[in-house]
Structure formats: structure tokens, C-alpha cells
Amino acid sequence: MKALEGVRILDMTHVQSGPTCTQLLAWFGADVIKVERPGTGDATRRQLQDIPDVDSLYFTMLNHNKRSVTLNTKHETGRAIFTRLIEACDVLCENFAPGALDRMGFSWERIQEINPRLIYASVKGFGPGPYEDCKVYENVAQCTGGGASTTGFDEGPPLVTGAQIGDSGTGLHLALGIVTALFQREKTGRGQRVECAMQDGVLNLCRVKLRDQQRLAHGPLKEYPQYPNGTFGDATPRSGNASGGGQPGWIVRCKGWETDPNAYIYIITQAAAFDGLARAIGRADWLEDEDWSTPAARLPKLDRMFAEIEKWTEKRTKFEVMEILNPLNVPCGPVLSMKELAEEPSLRATGTVVEVDHPERGRYLTVGNPIKLSASPAEVVRSPLLGEHTSEVLREVLGMDAQEVDAARREGAV
Ligand SMILES: CC(C)(COP(=O)(O)OP(=O)(O)OC[C@H]1O[C@@H](n2cnc3c(N)ncnc32)[C@H](O)[C@@H]1OP(=O)(O)O)[C@@H](O)C(=O)NCCC(=O)NCCS
């Protein structure tokens, strides 16, 4: 049995943020029925295509384990079918531009009338406020949620990160909101509205940067590269590769860095493991020297300390450094490329990286469920073709017969 077996999700999501949420719920066993516009479907099916006329990896990697139904919710018959789907489902999930579902005729009030047990979950770019009507994509959210202003180096422009904290991050938040609302419904019998704004999701993930904003009022942020040589303004600055925690860290070069852009390792000079680290890099003298022997003494010269560490790491590969420092309890991690991650056997073994077969594109690689439940294993099933399950769902979920489905198809409703 799967954890969410018996939960049916009316999935009106598209692009990335919403689909990541419903994909997770599908991996936990929910029946996710993805409703797409006839003819076109989710726009990502045709974006960044690597093979002509075949669903893109953008789409396939975000829509596993779902069923696809085409339905024109602006067509009268389509709207009637959609109403019946709302009656038959536990959750309606969407991430359209603000007001889109209302414009289709499905306000929250109307949805509650149709099915008071339904949980209506949405991702929007912003919560109520000056920007509530704006359309938002990933990098807009990274900029408006505090990610960009605090990422990068002091001397450079703000930077967005490759981790999709605005889209996939908000999808994760929404999934938690949905299962929490389902849990509450077990007790009250009523559904509720679940809303996640991408700005809020990014800010939540940047929590430590708002922490630093307030610490700044009481003096310089001593773990930041701006200390002691640079200057601080009135807002949390970009911290380069500083650790962000109480234990100093930095990225240092490893053997081959001149040609390999990922020949680097992150090293955290945790106080408890500093003796071992100092000895390993040939600087046992630091342990006897009061200029270096304590964390407080090292704090004003972290740049010099990491430069010394780098002289040692530059002569070894990132994996050799890992092998030497890990037994000494020095927290460190090689900078792994996507190529290395794709080939990593341990990630294949746990199902975090999975090969999937697709009838049109053949085999491709994807990221499986990163959340492992011991009693609800997730199996990755390929994404559906556009409208692949229209007849199946209309018959099985709504009890429509073949003639009714055909009639709806002829009208252009499905
Ligand atoms: C992502 C986003 C910017 C894309 O904008 P977009 O491509 O212009 O798409 P919209 O969301 O405006 O929706 C397109 C239209 O298709 C319509 N549509 C969608 N599915 C339909 C269906 N099955 N049948 C008929 N019409 C449908 C919508 O009703 C909407 O029409 P409207 O503008 O007349 O109301 C926007 O959806 C958004 O801001 N979403 C919220 C934030 C978010 O999730 N962003 C991250 C995306 S990864």
C-alpha cells in the first residue's frame, strides 16, 4: 500500500512549481489526474525540446506517475465535466496566473458549494499585496524572495542559483500544505484553501539571511568574507562561499582546477576537527600558535586560513581530499557536476536517480522521489502522453459511457 492511496488529485498545474508538488503526491500513491488544454497541453511539453515532436525532458521529468486528461474548461460541456471532477476529487491543485480559475467560473466559494470536502491548493508568485496580480517565474521569485541579493560575491551582481528554490521549493511547501489539510479534514470533514506564494517560499528558505539582517544591527557579520577587510552596508550582503553557520567554510581548488570547472571541494573548519585538519595539511604549528589555535583567533583571517588549506588541496583530487579528511571528521564535500551525479552508482541504488522508458523518446534519466518512506516505496512511472487517459478517467471516475465521451470529444470539450 502507498501512503496516499485513495486520495484523488485534480491537477491543473503547469510549468514547474505546481507539477513538482503533484508529482510528489503521486509518488506517495495519490491518483493524480492532470487536466490539460486540448491540442496543446502543458506548455512545457514543447519547451526546450531535445527531440523534435517528442515531450520534452522539462515535461517528462516533472510529471511522472500522473494520468493526463484533455479538457477545455472554457467550453460549456468541458465546464460541466470539470464540475463533476471537482465533486469526485479530494484536492484541486493549480498554479495559473492570479484569477485564472475564477475566470473559468470556479471561485473558492463556488468550489466549496460543489464539494465542501475539497482542498483547493494554489501556487502564486506573491501573496496579497502590491504585486498580487503579477505573473512569476523561478528567477523572479529568487530575486523577490531574497535569494539573489544574498547570493554571489560582494564585487559582483546579484546571482540566481541553479537549485529551483522558487518553483520546486514552493511545490514542496505546497505539498506539505496539502497533506496537512488532508490530515485536518480527517477530523473536521471539511476542505480548506492552501496557498503558497513563491516569494514567501524563497524567503522561508532564506531564513538565515533575515537572521543576519538583524545581527547586522549589532556589529559586523564575522563569518562573512567582508570581515575584517571589507565594509558592510545596511542590508545582508552577498556572502560568497561562506558557510552561513557558526563553523567557517569555503570552496577551495583541487588538482585539475585549471581545466576542470568542478575540481573544487567545500571544507568546513569545524572547531572540534581542526586539530586533524591542521595536521593533515602540514600546519601542526597552528595548534601551538595562539594566533591560530582558537576559532576566535582564526576568525579575522579566514581568507589566509583557506589559502593555506588550498595549497594542500590543489595537489590532490577532490575525491582524494574527501578520503583523507572524512576519517578525521572534517565536514567536506566535492563539487559534483551533473555528469558525475548522473553516473553515481549509490544514487541509482537508492532510486534518487532513475532510468525511465518512454514510448516516444526511449530511455531517459530522471530524479526519483528524494523523500524515502519505509512503508510507501515510490516507483517512478513515465509521464503521460497528452490526453492519454481521457476516456479512461471519464469512464472510471465519472461513470460516463463511450457515447458520452465521444460526444464531448466531437464538441471539442475534451
Ligand atoms: C507561470 C505563469 C507565469 C504562466 O503564465 P501563462 O503562460 O500566461 O499562463 P496562465 O497561467 O496565465 O494561464 C493561461 C490561460 O490558459 C487557460 N487555461 C489553462 N488550462 C486550460 C484548459 N484546460 N482549458 C481552457 N483554458 C485553460 C487559463 O484559464 C488562462 O486563461 P485566462 O488568461 O483567460 O484566464 C503563470 O501561470 C503564473 O504566474 N503562475 C503562478 C506562479 C507560478 O506558478 N509560477 C511558476 C511557474 S513554474
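Fair warning: this is a prediction, and the values are worked out from it, not measured in the lab.

Peer 1: Would you mind going over the overall build of the chain in detail, with residue names and values included?
Peer 2: From N to C terminus, the chain includes 17 helices and 11 strands. Along the first, second and third principal axes, the C-alpha atoms of the chain reach 85 × 45 × 40 Å. A burial count over the chain gives 45% of its 414 residues as buried. Considering only intrachain contacts with a sequence separation of at least 6, the fraction spanning at least 24 residues in the chain is 65%. Accessible surface, the chain: about 20,500 Å² in total, of which carbon and sulfur atoms supply 54%.

Peer 1: Could you give an account of the site of the ligand, naming the residues involved and the relevant values?
Peer 2: Contacts to the ligand come from 23 residues, most closely from Lys 74, Ala 97, Arg 103, Lys 135 and Val 136. Between the ligand and Leu 71 there is a distance of 2.8 Å, counted from a nitrogen atom to a backbone nitrogen or oxygen. Lys 74 places a side-chain nitrogen or oxygen 2.8 Å from an oxygen atom of the ligand. Looking at the shell around the ligand residue by residue, the class counts come to 10 nonpolar, 7 polar and 6 charged.

Peer 1: I'd like a description of the pattern of salt bridges, backed by residues and values.
Peer 2: Here the structure, examined in full by the defined rule, presents 28 salt bridges. Close ionic contact of Arg 185 with Asp 90 constitutes a salt bridge, the shortest N to O distance being 2.9 Å. Placement of the pair is Arg 185 in helix H7 (residues 167-188) and Asp 90 in the loop between helix H3 (76-88) and strand S4 (91-94), with a sequence separation of 95 residues. Among the residues examined, Arg 185 registers a relative accessible area of 6% and is labelled buried. For Asp 90, a relative accessible area of 14% puts it in the buried group. Of the charged contacts in the structure, one is a salt bridge between Arg 283 and Glu 308, with a shortest N-O distance of 2.7 Å.

Peer 1: Could you give me a rundown of the packing of aromatic side chains, with the residues and numbers involved?
Peer 2: Scanning all chains against the criterion turns up 7 aromatic pairs. Aromatic pair Phe 153 and Trp 250: ring centres 6.3 Å apart, planes at 70°, arrangement edge-to-face. Of this pair, Phe 153 sits in the loop between helix H6 (138-144) and H7 while Trp 250 sits in strand S7 (residues 249-253); the two residues are 97 residues apart in sequence, bridging distant segments of the chain. Residue Trp 250 is classed as partly exposed on the basis of its relative accessible area, which comes to 23%. Here a set of aromatic residues connected by ring pairs shows up, and it is made of Phe 274, Trp 286 and Trp 292. Looking at Arg 193, its charged tip hangs above the ring of Tyr 120, at a distance of 3.7 Å from the centre.

Peer 1: Quick rundown of the sheet that holds strand S8 (residues 264-268)? Include the residues and the values.
Peer 2: Spatial ordering of the open sheet is given by S7-S8-S9, a layout of 3 strands whose pairing is antiparallel. Each edge of the sheet is formed by a strand with only one pairing partner; in this case those strands are S7 and strand S9 (332-334). Mean inter-strand twist for the sheet, computed between neighbouring axes without regard to direction, equals 20°. Bridge analysis of S8 against S9 gives 3 bridges, and the strand direction is antiparallel. Directly across from Ile 267, in S9, lies its bridge partner Cys 332.

Peer 1: Describe the packing of helix H1 (residues 17-27) against H7, with residues and values.
Peer 2: Running from N to C, H1 and H7 point in directions that differ by 45°, and their axes come no closer than 7 Å. Viewed along their axes, H1 and H7 adopt a mutual orientation that is oblique. With respect to the hand of their crossing, H1 and H7 are arranged in right-handed fashion. Residue-level inspection shows Ser 17, Thr 20, Cys 21, Leu 24 and Leu 25 of H1 in contact with H7, the latter providing Asp 167, Ser 168, Gly 171, Leu 172, Leu 174, Ala 175, Ile 178 and Val 179. For the contact of H1 with H7, the residue count by class is 8 nonpolar, 4 polar and 1 charged.

Peer 1: Break down the nonpolar core for me, citing the residues and quoting the values.
Peer 2: Grouped together as the largest cluster of nonpolar side chains are 34 residues, with contacts concentrated most on Ile 9, Leu 25, Leu 174 and Ile 178. Counting only elements with at least two residues in this core, the list comes to H1, S4, strand S5 (119-124), H7, strand S6 (193-197), helix H8 (198-205) and strand S10 (353-358). Once residues lying within four places of it in the same chain are set aside, the contact partners of Ile 9 are Thr 22, Leu 25, Ala 30, Asp 31, Val 32, Ile 33, Cys 89, Val 91 and Cys 93. Core analysis: the second largest hydrophobic core is formed by 31 residues, Phe 96, Tyr 120, Val 393 and Leu 394 among them.

Peer 1: Break down unusual backbone geometry for me, with residues and values.
Peer 2: The residue after Tyr 227, namely Pro 228, is reached through a cis peptide bond having omega 0°. Although it is not a glycine, Val 15 adopts a positive phi angle of roughly 60°.

Peer 1: So what's going on with the sheet that holds strand S1 (residues 8-12)? Which residues, and what values?
Peer 2: Taken together, 6 strands build an open sheet; the order of strands is S3-S2-S1-S4-S5-S6 and the sheet is parallel. Strand pairing shows two members of the sheet lacking a second neighbour, strand S3 (66-70) and S6, which therefore form its edges. Recorded for the sheet is a direction-independent mean angle of 20° between the axes of neighbouring strands. Here S1 runs beside strand S2 (residues 31-36); their pairing, made up of 4 bridges, is parallel. Note on S2: the bridge partner recorded for Asp 11 is Lys 34. Seen against the sheet, H7 touches S4, S5 and S6 and runs at an angle of roughly 165° to S5.

Peer 1: Quick one: what's the story with the state of the cysteines, residue by residue and with numbers?
Peer 2: Counted under the stated rule, the structure contains 0 disulfides. Left without a disulfide partner, Cys 254 is nearest to the cysteine sulfur of Cys 332, which lies 9.3 Å away.

Peer 1: Give a detailed account of the pairing of S2, specifying residues and quantitative values.
Peer 2: For a regular strand, side-chain orientation follows a simple rule: the groups alternate between the two sheet faces. Within S2, 5 of the 6 residues are buried, which leaves the element mostly enclosed by the surrounding structure. Between S1 and its parallel partner S2, the chain crosses via H1, and the hand of that crossover is right-handed. In this sheet, S3 lies alongside S2 in parallel orientation, the contact comprising 5 bridges. Following the sheet pairing, Lys 34 is matched in S3 by Ser 68.

The rules we used
- Residues numbered from 1 in each chain as written.
- Predicted model: local features only at pLDDT ≥ 70, side-chain atom pairs only at ≥ 80, totals over all residues.
- Heavy atoms only, no water.
- Helix = DSSP H or I, 4+ residues; strand = E, 2+ residues; numbered from the N terminus.
- Buried < 20%, exposed > 50% of the residue type's maximum accessible area, 1.4 Å probe, protein only.
- Contact = heavy atoms within 4.5 Å.
- Areas by Shrake-Rupley, 256 points an atom, 1.4 Å probe, with all protein chains shown as cover.
- Near = heavy atom within 4 Å.
- Polar contact = N/O pair within 3.5 Å; in protein donor to acceptor, adjacent residues only side chain to side chain.
- Nonpolar A, V, L, I, M, F, W, Y, C, P; charged D, E, K, R; others polar.
- Salt bridge = Lys/Arg side-chain N within 4 Å of Asp/Glu carboxyl O.
- Phe/Tyr/Trp six-rings, centres within 6.5 Å; stacked < 30°, edge-to-face > 60°.
- Lys NZ or Arg CZ within 6 Å of the ring centre and 35° of its normal.
- Pairing = 2+ DSSP bridges.
- Axes fitted to C-alpha atoms, helices over the stretch in contact; angles between N-to-C directions.
- Parallel < 35°, antiparallel > 145°, perpendicular 65-115°, else oblique.
- Left-handed = near helix turned anticlockwise from the far one by under 90°.
- Core = buried A, V, L, I, M, F, W, Y, C linked by side-chain atoms within 4.5 Å.
- Disulfide = S-S within 2.5 Å.
- Right-handed = clockwise from strand over helix to strand, strands pointing away.

As far as function goes, none of this settles anything; it's purely spatial.
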